[in-house]
Amino acid sequence: QVQLVESGGGLVQAGDSLRLSCAASGHTVSGYAMGWFRQAPGKEREFVAAIWWSGGLTTYPNSVKGRFTISRDNAKNTVYLQMNSLKPEDTAVYYCAASILPSWPPASYHYWGQGTQVTVSS
């Protein structure tokens, strides 16, 4: 089993930046991938970013590409999401997730954190 704990959410104004962290505990092996998702009230969970643990490959949807950056610190088993130029539409609960299969991009995610709230005011 893998445990994921997110932190770093908060209330910011449009145009501000936040960095989210996701600390992973449990067995870690190269080839695993991590992802960030978000869910706003009344909407489905949306993919935000993913990263390959060993190689550092990343992928983003168009909604955040150029504004958000995912990174990782393998020694700390921690994944980050740097969010710049935040917009009110970015308001959501942000979740990190782990994919235990060595595929790219991840086909599925198997472990989820509890989420951290990000609120962007205008």
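Residues numbered from 1 in each chain as written. Predicted model: local features only at pLDDT ≥ 70, side-chain atom pairs only at ≥ 80, totals over all residues. Heavy atoms only, no water.

A. Representation of unusual backbone geometry in the model. A cis amide bond, omega -10 degrees, links Trp104 with the succeeding residue Pro105. Following the sequence through the fold, Pro105 ends up in the loop between strand S9 (92-99) and strand S10 (111-112). Phi is positive for Ser85, close to 50 degrees, though the residue is something other than glycine. Mapped onto the elements of the fold, Ser85 is located in the loop between strand S8 (78-83) and S9. With relative accessibility at 42%, the residue Ser85 sits in the partly exposed group. (Helix = DSSP H or I, 4+ residues; strand = E, 2+ residues; numbered from the N terminus. Buried < 20%, exposed > 50% of the residue type's maximum accessible area, 1.4 Å probe, protein only.)

B. Fine view of the pattern of salt bridges. One pass over the structure, following the stated rule, counts 3 salt bridges. The closest approach of N and O atoms between Arg38 and Asp90, which form a salt bridge, is 2.8 Å. Placement of Arg38 in strand S4 (residues 33-39) and of Asp90 in the loop between S8 and S9 is noted, with a sequence separation of 52 residues between them. This pair shows no difference in class: Arg38 is buried, exactly as Asp90 is. Salt bridges sharing partners connect three or more residues here, namely Arg38, Glu46, Arg67 and Asp90. (Salt bridge = Lys/Arg side-chain N within 4 Å of Asp/Glu carboxyl O.)

C. Local environment of the pairing of strand S3 (residues 18-25). Direction of pairing for strand S1 (residues 3-7) relative to S3: antiparallel, over a ladder of 5 bridges. The residue of S3 that forms the bridge with Leu4 is Ala24. Bridge analysis of S3 against S8 gives 6 bridges, and the strand direction is antiparallel. Looking at the pairing, Cys22 lines up with Val79 of S8. (Pairing = 2+ DSSP bridges.)

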